[in-house]
Amino acid sequence: MTQTDTLSRLPVTGRSRLRRNHNRGHFDRATIDAILDATVQCHVGYLLDGRPMVTPTFQWREGDHVYWHGSSASRALRRSAGAEVCLTVTLMDGVVLARSAFHHSVNYRSVMLFGRAVQVTDPEAKTRHLQRFVEAMSPGRWDLLRPMTDQELKATTVLSLPIAEGSAKVRTGPPVDDEEDYALPIWAGVVPVTRGFGAPVPDPRNLPDIEPPAGLLDGLKV
Ligand SMILES: Cc1cc2nc3c(=O)[nH]c(=O)nc-3n(C[C@H](O)[C@H](O)[C@H](O)COP(=O)(O)OP(=O)(O)OC[C@H]3O[C@@H](n4cnc5c(N)ncnc54)[C@H](O)[C@@H]3O)c2cc1C
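Quick caveat, the model's predicted, so the values are computed rather than measured.

**Student:** Got a sec to walk through the overall build of the protein chain? Specific residues and values, please.
**Tutor:** Assigned secondary structure in the protein chain consists of five helices and 11 strands. Overall, the protein chain is about 65 × 50 × 40 Å in size when its C-alpha atoms are taken along their principal axes. With 222 residues in all, the protein chain has 18% of them scored as buried. Expressed as a percentage of contacts within the protein chain between residues at least 6 apart in sequence, the contacts between residues at least 24 apart total 71%.

Here it is, written out as structure tokens:
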């Protein structure tokens, strides 16, 4: 494997090798990164007192790492720091209606990452990552805000996971029915899923005459 291969593809490991529908699996970073970058939502799975817990949260990617954050008091973050986690990101793209119940499906893009979560402790690095978090939520917003206080920084934990082991899985296209079922008079097809944002609703406590910043909706991700 060349250096370029190492960077552009994740290795296929015992736990990341797709057993079911392996033709839908992708290990190239371009596919994985595009899915991570297409949404801010993720689920982080970890063990809490030996039992599985999966916590939905907000993620953002910086280069070869995925980050998430929260209250320093959060059990999910305290138990994940330094521990093995599984982080998943899912985008549902369509409802796939087949000619039989068995072949109903969904079109989707998803990523599963495995590894040990690392806590970012250096205050400067933490601030930089939190800036990226705010920018992932609303590009251009960080510079508009009151600066973060030391107390707020202390009250916040940032965790990272290297994009080093994992997989993407992607389903696209129409239903795949049993050959004889294509002769049945049943409508089949895909209903695409759309994601988007509505008109911004101002905080009733906004100061008078404060307008939403220009381009507020630009670059927002569901
Ligand atoms: C929105 C959505 C809806 C789905 N609905 C269904 C459903 O109703 N029924 C169903 O059986 N499956 C569904 N799937 C697919 C499901 O995620 C699993 O891929 C599938 O159930 C096979 O599981 P497994 O444990 O046998 O996979 P295996 O192939 O045994 O998993 C081995 C490895 O493959 C990789 N892998 C597996 N699944 C995924 C994935 N989704 N994304 C990224 N990497 C993956 C992981 O690295 C995993 O450790 C859905 C997926 C999405 C995103």
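**Student:** Which residues make up the sheet that holds strand β8 (residues 118-119), and what values go with them?
**Tutor:** Strand order in the open sheet formed by four strands is β4-β5-β9-β8, with antiparallel pairing between adjacent strands. Each having just a single partner strand, β4 (60-62) and β8 make up the two edges of the open sheet. Here β8 runs beside strand β9 (residues 156-162); their pairing, made up of two bridges, is antiparallel. Counterpart to Val 118 in the pairing with β9 is Ser 160.

**Student:** Run through the pairing of strand β3 (residues 51-58), naming residues and quoting values.
**Tutor:** In terms of strand pairing, strand β2 (residues 41-48) meets β3 through eight bridges, oriented antiparallel. By the bridge assignment, Leu 48 is partnered in β3 with Arg 51. The loop that links β2 with its antiparallel partner β3 comprises two residues; one of these, Asp 49, has a positive phi angle of about 50 degrees.

**Student:** An account of the site of the ligand is requested, with residue identities and associated values reported.
**Tutor:** Close contacts around the ligand come from 16 residues, with Ser 16, Arg 19, Tyr 108, Ser 110 and Lys 169 the closest. Broken down by secondary-structure element, the contributors of at least two residues to the shell around the ligand are β6 (84-97), β7 (105-116) and β10 (165-171). Ranked by residues supplied to the shell around the ligand, first place goes to β7 with five residues. By residue class, the composition of the shell around the ligand is seven nonpolar, five polar and four charged.

**Student:** Any details on the confidence of the model for the protein chain? Residues and values, ideally.
**Tutor:** Across the protein chain, the average pLDDT comes to 95, with 97% of residues at 70 or higher. Across residues 1-6, confidence stays below pLDDT 50; counting only partners more than four residues off in sequence or on other chains, it has one contact.

**Student:** Break down unusual backbone geometry for me, citing the residues and quoting the values.
**Tutor:** The phi torsion at Asp 49 lies on the positive side, around 50 degrees, for a residue other than glycine. Within the secondary structure layout, Asp 49 lies in the loop between β2 and β3. At Asp 209, a residue that is not glycine, the phi angle is positive and equals roughly 70 degrees. In this structure, Asp 209 sits in the segment after β11 (189-192). Residue Asp 209 is classed as exposed on the basis of its C-beta count, with 5 C-beta atoms lying within 10 Å.

**Student:** I'd like a description of helix α2 (residues 29-38), backed by residues and values.
**Tutor:** All of the buried residues along α2 are Ile 32, Ile 35 and Leu 36. Take α2 and look down its axis: the buried residues cluster within an arc of 100 degrees, on one side only. Looking at the packing, one finds that the buried side of α2 touches β1 (25-26), β4, β5 (65-71), β6, β7 and β10.

**Student:** Help me get a handle on the environment of Thr 31, residues and values and all.
**Tutor:** Among the secondary structure elements, Thr 31 is positioned in helix α2. Separated by 22 residues in the primary sequence, Thr 31 and Arg 9 place their C-alpha atoms 9.5 Å from one another. Each residue touching Thr 31, except ones within four places of it in the same chain, is listed here: His 26 and Ala 168.

**Student:** If you had to explain the environment of His 129 to someone new, which residues and values would you point to?
**Tutor:** By the secondary structure assignment, His 129 is in helix α4 (residues 123-137). With 21 C-beta atoms packed within 10 Å, His 129 lands in the buried category. Spatially, the C-alpha atoms of His 129 and His 69 are 9.3 Å apart, while their sequence positions differ by 60 residues. Aside from chain neighbours lying at most four places away, what touches His 129 is Tyr 67, Val 120 and Val 158.

**Student:** Explain α4 to me, and be specific about the residues and the numbers.
**Tutor:** Over its 15 residues, α4 extends 21 Å from the first C-alpha to the last, a length consistent with the 21 Å expected when each residue adds 1.5 Å. Taken residue by residue, α4 has His 129, Phe 133 and Ala 136 as its buried positions. When α4 is viewed along its axis, its buried side chains cluster within an angular range of 65 degrees and face the same direction. Opposite its buried face, α4 presents the exposed residues Pro 123 and Glu 124, each directed more than 90 degrees away.

Cut-offs applied
Residues numbered from 1 in each chain as written. Predicted model: local features only at pLDDT ≥ 70, side-chain atom pairs only at ≥ 80, totals over all residues. Helix = DSSP H or I, 4+ residues; strand = E, 2+ residues; numbered from the N terminus. Buried ≥ 20, exposed ≤ 12 C-beta atoms within 10 Å, placed from the backbone. Contact = placed C-beta atoms within 7 Å. Pairing = 2+ DSSP bridges. Near = placed C-beta within 6 Å. Nonpolar A, V, L, I, M, F, W, Y, C, P; charged D, E, K, R; others polar. pLDDT = per-residue confidence, 0-100. Arc of directions from axis to C-beta. Expected span 1.5 Å × (residues − 1).

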